[in-house]
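# A closer look at the structure
In case you want the letters, here they are:
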Amino acid sequence: MNPIPAFSADDPHGRPKPSIPDDLAYVVPMAAFLALTEAGALWPSSYPALYECKTLLVAVLLIILWPRYTKVRWNHWWLGVPLGIAGVFQWVGMENILLAHWPSYFRQTANAFNPLESIHSPAMRWTFIFVRLAGAALVVPVMEELFWRDFLWRTILAPNNFKLADVGEPDWKAWLAVSVIFSFVHVQWMTAIVWGMMIGGLLMLTRSLGACIIMHGVTNLLLGFYVLKTGKWYFW
């Protein structure tokens, strides 16, 4: 006899959700992304293939696990556009100031991956650049905002059950802690803290994870265009 599937109480259509705890649904895509990022650092010659693999893998995981996530609110989404533009000016401006006055802060300026030099096939080169831009602008913002400013933020507020806290519930400890921890996975950590505080402020102001996803995507997309225009590959 086949067991009766356990349906979610908050799903009016009675659709089954993946058999994985809610917290792991937030953690697994981020863990996969970080693991393949580390693999790319360990094996630089495989970096383009690994980046494409992790972008595809995370996108698939997000689709599969989507029923597990708290419904994303898109109210005030438009605020993400001007703040995303402000975010790229903050990121590039602050990084250039730090590079000018503290060169050792940048650990990857010399060996940053340059697809124009490292990928000899034009088709493979531009395929990588397209995936790199699409991953940064579409996949990474969803994955990171779900993890940092949905799951981790609420976990800090309600450690025993993050669902007891609301998305974007104002709290200065969560705002500061998430901004700092967010910087741990970024080479430009000081800039990441300030940017994290900006997007954390947007979250508290709007209670809209959708607005944060838009801001993150706009900043990443414009940063990608800046890199392609200037050749400052260490920003990627």
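Preceding block: the structure.
To keep things clear, this report deals only with the structure shown in the data block. (Residues numbered from 1 in each chain as written. Predicted model: local features only at pLDDT ≥ 70, side-chain atom pairs only at ≥ 80, totals over all residues. Heavy atoms only, no water.)

## What about the overall build of the protein chain?
Condition: Comment: elements are numbered from the N terminus, with helices defined as DSSP H or I runs of at least four residues and strands as E runs of at least two. Categorising residues by exposure relies on relative accessible area from a 1.4 Å probe, with only protein chains included: less than 20% of the type maximum marks a residue as buried, more than 50% marks it as exposed, and the intermediate range marks it as partly exposed. Here, two residues are considered to be in contact whenever any of their heavy atoms come within 4.5 Å of each other. Computed with a 1.4 Å probe, the accessible areas rest on the Shrake-Rupley method; for each residue, only the protein chains presented here act as cover.
A tally of regular secondary structure across the protein chain gives 8 helices and 0 strands. Reading the helices (α) and strands (β) of the protein chain from amino to carboxyl end gives α-α-α-α-α-α-α-α. The 236 residues of the protein chain split such that 45% are buried. The contacts of the protein chain with a sequence gap of at least 6 include a subset with a gap of at least 24, amounting to 72%. On the protein chain, roughly 12500 Å² of surface is accessible, and the fraction owed to carbon and sulfur atoms is 69%.

## What about a nonpolar patch on the surface?
Stated formally: Candidates for patches are residues over 30% relative accessible area with no salt bridge; among them, like charges are joined within 9 Å and nonpolar side chains (Val, Leu, Ile, Met, Phe, Trp, Tyr) within 5 Å. The rule for a salt bridge is simple: a side-chain nitrogen of Lys or Arg has to be within 4 Å of a carboxyl oxygen of Asp or Glu.
Taken together, Leu-34, Trp-172, Leu-176, Val-180, Ile-181, Phe-184 and Val-185 make up a surface patch of nonpolar side chains, about 630 Å² in accessible area. With 4 residues, helix α6 (residues 172-183) is the largest single contributor of residues to the nonpolar patch. Following the sequence through the fold, Trp-172 ends up in helix α6. Note on Trp-172: relative accessible area 61%, which makes it exposed.

## Describing the packing of helix α5 (residues 122-157) against helix α8 (residues 209-230)
Operational definition: Fitting a line to C-alpha atoms yields each axis, with helices limited to the stretch in contact; the angle taken between N-to-C directions then spans 0 to 180 degrees. Left-handed describes a crossing whose near helix is turned anticlockwise from the far helix by less than a right angle; the clockwise case is right-handed. Polar here means any residue outside two lists: the nonpolar Ala, Val, Leu, Ile, Met, Phe, Trp, Tyr, Cys and Pro, and the charged Asp, Glu, Lys and Arg; Gly therefore counts as polar.
Relative orientation of the contacting elements α5 and α8 amounts to 150°, with a least axis distance of 8 Å. Crossing hand, α5 versus α8: right-handed. Each of Ile-129, Leu-133, Ala-136, Ala-137, Val-140, Pro-141, Val-142, Glu-144, Glu-145, Leu-146, Arg-149 and Asp-150 in α5 lies in contact with α8, whose residues at this interface are Leu-209, Cys-212, Ile-213, His-216, Gly-217, Asn-220, Leu-221, Gly-224, Phe-225 and Leu-228. Its residues assigned to classes, the contact of α5 with α8 comprises 14 nonpolar, 4 polar and 4 charged.

## Considerations on unusual backbone geometry
The backbone of His-76 shows a phi angle near 60°, a positive value even though the residue is not glycine. On the secondary structure map, His-76 appears in the loop between α2 (47-65) and α3 (80-101).

## Section: the environment of Ala-49
With respect to the secondary-structure elements, Ala-49 resides in helix α2. When its relative accessible area of 43% is taken as the criterion, Ala-49 is described as partly exposed. Separated by 75 residues in sequence, Ala-49 and Met-124 have C-alpha atoms that sit 9.9 Å apart.

## Overview of empty space enclosed by the protein
Sizing a probe to match a water molecule and rolling it over the atoms shows the empty space that remains. Note the cut-off: Think of a 1 Å grid over the protein atoms and nothing else: a 1.4 Å probe that fits but is trapped marks a cavity, an open set flanked by protein within 12 Å on at least five of seven lines marks a pocket, and residues with an atom within 4 Å of a point count as lining. Grid points are joined across faces, edges and corners, and a volume is the space filled by probe spheres set on the points.
With the rule as written, the count across this model stands at 1 cavity of 30 Å³ or more. Its boundaries defined by the atoms lining it, the largest cavity holds a volume of some 40 Å³. Lining the largest cavity are Thr-70, Lys-71, Val-72, Arg-73, Asp-150, Val-167, Arg-207 and Leu-209. Tallied by class, residues from the lining of the largest cavity come to 3 nonpolar, 1 polar and 4 charged.

## Brief notes about the environment of Met-215
Here Met-215 lies in helix α8. Judged by its relative accessible area of 0%, Met-215 is buried. A sequence separation of 130 residues divides Met-215 from Ile-85, and the C-alpha atoms of the two residues are 7.8 Å apart. Ignoring sequence-local partners within four residues, the contact set of Met-215 consists of Gly-80, Leu-83, Gly-84, Trp-195, Met-198, Ile-199 and Leu-202.

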